[in-house]
Amino acid sequence: MDGTNESTQGNFILLGFSDRPHLERILFVVILIAYLLTLVGNTTIILVSRLDPHLHTPMYFFLTHLSFLDLSFTTSSIPQLLYNLNGSDKTISYTGCAIQLFLFLGLGGVECLLLAVMAYDRFVAVCKPLHYMVIMNPDLCKGLVSLAWGCGVANSLIMSPMTLWLPRCGYCKVDHFLCEMPALIRMACVNTAVVEGIAFILAVGIVLSPLVFILISYGYIVRAVLSIQLSSGRHKVFNTCSSHLTVVSLFYGNIIYMYMQPGTSSSKDQGKFLTLFYNIVTPLLNPLIYTLRNKEVKGALRRLVLGKLGLRKRL
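Residues numbered from 1 in each chain as written. Predicted model: local features only at pLDDT ≥ 70, side-chain atom pairs only at ≥ 80, totals over all residues. Heavy atoms only, no water.

If you check an unreviewed UniProt entry, the protein appears there as Olfactory receptor from Ursus maritimus. Under the Subcellular location (unreviewed entry) heading, UniProt states for the protein: "Cell membrane". Under the UniProt heading Function (unreviewed entry), the entry covering the protein gives this text: "Putative odorant or sperm cell receptor." (UniProt positions renumbered as here; feature names shortened; annotations may be inferred.)

**Examining the UniProt feature "transmembrane region" (unreviewed entry) in the protein**
Mapped onto the present numbering, the UniProt feature "transmembrane region" (unreviewed entry) falls at residues 26-48, 60-78, 98-120, 140-158, 197-221, 242-260 and 272-292. Across residues 98-120, helical content stands at 100% and strand content at 0%; the span's end C-alpha atoms are separated by 33 Å. Taken end to end, residues 140-158 is 100% helix and 0% strand, and its first and last C-alpha atoms sit 27 Å apart. (Helix = DSSP H or I, 4+ residues; strand = E, 2+ residues; numbered from the N terminus.)

**Comments concerning the pattern of salt bridges**
For the coordinates displayed, the defined rule picks out two salt bridges. One salt bridge connects Lys90 with Glu24, and the closest N-O pair in it is separated by 2.8 Å. Of this pair, Lys90 sits in the loop between helix H4 (78-85) and strand S2 (91-93) while Glu24 is found in helix H2 (residues 21-51), placing the two residues 66 residues apart along the sequence. Each member of the pair, Lys90 as well as Glu24, is classed as buried. Ionic pairing is found between Arg122 and Asp121, a salt bridge with its closest N-O pair at 2.7 Å. Take Arg122 and Asp121: they sit in the same class, and that class is buried. (Salt bridge = Lys/Arg side-chain N within 4 Å of Asp/Glu carboxyl O. Buried < 20%, exposed > 50% of the residue type's maximum accessible area, 1.4 Å probe, protein only.)

**Some remarks on the packing of helix H3 (residues 58-75) against helix H5 (residues 94-127)**
One can describe the packing of H3 onto H5 by two numbers: an axis separation of 10 Å at closest approach and a directional angle of 165°. Between H3 and H5, the interaxial angle falls into the category roughly antiparallel. The hand of the H3/H5 crossing is left-handed. Residues Pro58, Met59, Phe62, Leu63, His65, Leu66, Leu69, Asp70, Ser72 and Phe73 of H3 touch H5, and the partners they reach there are Phe104, Leu107, Gly108, Val110, Glu111, Leu114, Leu115, Val117, Met118, Asp121 and Arg122. In the contact of H3 with H5, the residues fall into 14 nonpolar, three polar and four charged. (Axes fitted to C-alpha atoms, helices over the stretch in contact; angles between N-to-C directions. Parallel < 35°, antiparallel > 145°, perpendicular 65-115°, else oblique. Left-handed = near helix turned anticlockwise from the far one by under 90°. Contact = heavy atoms within 4.5 Å. Nonpolar A, V, L, I, M, F, W, Y, C, P; charged D, E, K, R; others polar.)

**Let's talk about the state of the cysteines**
Tallied over the full model, the rule gives two disulfides. A sulfur-sulfur distance of 2.0 Å marks the disulfide that ties Cys97 to Cys179. Taking the sign of the S-S torsion, -125° for the link of Cys97 and Cys179, the bridge is left-handed. With a gap of 82 residues between them, Cys97 in helix H5 and Cys179 in the loop between strand S3 (173-174) and helix H8 (181-186) connect regions that are remote in the sequence. Judged by relative accessible area, which is 0%, Cys179 ranks as buried. The disulfide partner of Cys169 is Cys189, and the gap between their sulfur atoms is 1.9 Å. With the S-S bond torsion at 75°, the cross-link from Cys169 to Cys189 turns out right-handed. Here Cys189 lies in the loop between H8 and helix H9 (193-226) and Cys169 lies in the loop between helix H7 (138-164) and S3, a separation of 20 residues in the sequence. Assessed through its relative accessible area of 53%, Cys169 is described here as exposed. (Disulfide = S-S within 2.5 Å.)

**Quick word on the environment of Ile185**
Its location among the elements puts Ile185 in helix H8. Note on Ile185: relative accessible area 2%, which makes it buried. With ten residues separating them in the primary sequence, Ile185 and Val195 have C-alpha atoms 8.3 Å apart.

**Side note on the layout of surface pockets**
Within this model, the second largest pocket holds a volume of roughly 280 Å³. Lining the second largest pocket are 15 residues, and of these His56, Thr57, Pro58, Phe61 and Pro138 lie nearest its centre. Those elements giving two or more residues to the lining of the second largest pocket turn out to be H2, H3 and H7. In terms of residue count, H3 provides more of the lining of the second largest pocket than any other element does, four residues in total. For the lining of the second largest pocket, a count of residues per class yields eight nonpolar, five polar and two charged. (1 Å grid on protein atoms, 1.4 Å probe; cavity = no way out; pocket = protein on both sides within 12 Å on 5 of 7 lines; lining within 4 Å. Points joined across faces, edges and corners; volume = space filled by probe spheres on them.)

**Re the packing of aromatic side chains**
This model, assessed by the stated rule, comprises eight aromatic pairs. Consider the rings of Tyr120 and Phe213, whose centres lie 6.4 Å apart with planes at 40°: the pair is tilted. Here Tyr120, found in helix H5, pairs with Phe213, found in helix H9; they are 93 residues apart in sequence, far enough to count as distant. Since its relative accessible area comes to 26%, Tyr120 is described here as partly exposed. Overall, the relative accessible area of 36% leaves Phe213 in the partly exposed class. Where Phe251 meets Tyr252, the ring centres are 5.6 Å apart and the plane angle is 85°; that geometry is what we call edge-to-face. An aromatic cluster is present here, built from Tyr120, Phe123, Phe213 and Tyr220 joined pairwise through their rings. (Phe/Tyr/Trp six-rings, centres within 6.5 Å; stacked < 30°, edge-to-face > 60°.)

So, in structure tokens, the structure goes:
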């Protein structure tokens, strides 16, 4: 019986930090709190963007999708992670592992491309402000989001089966918290150079190409900002773009480090903590970044809260 058939008939064991139970207990508490805050923060961004008419713009249309992605991304793996951290049972079914890997790769790819779309939105807003609403019309916005989703899902449809079908010769222990591609590739009992090569090529298209596009977009934005004479105008552009740049830095820093070296070249413990950061901290910080550094979102929150308080007083 080959490794593929053996793995499909049993469960995977997610080792995580099972050799360090004290660390797992600490991680359980920290991750549970972070997950709940992530749910609250991103749900708030979605509701505010949908309920406040002032935020019915392309920028907040994309931000709503980013928050939805973060909610989906964390929910695809964190409940299983919390279950495994809270007890002695570290198993996950083959089907569960396959779904987790597919969502992890797919949603991660969509987010890479969506951040590039948001960079284009900022480029048009800063460099072509008079034509902004004409260029960023609803049809284009929906088309760009659909393209991001399509490419992300296509990437996952290629990489997920290739990773899961690698022969493992009966080995079922995943040295990670979740069914993540580098950890599953390390389990293979055959040469994985071809799979790693394909993963690298796809990473160039899904990860590096959007990043290059983002850098080029912000190159034009910087040039446009330098031509603005008034300091107040420069400050407004900076506030508009700084939140997106911060999110891009957090997201891409982890993604590039993890997935441009998918095999055995990265430290296992280092990879675990980077995955936790990518899976927990980034989705947690995104709504905070856009709320604390964005006057429009803070104003919308204030209007919604005051509106509810006023309604209660009338009742």
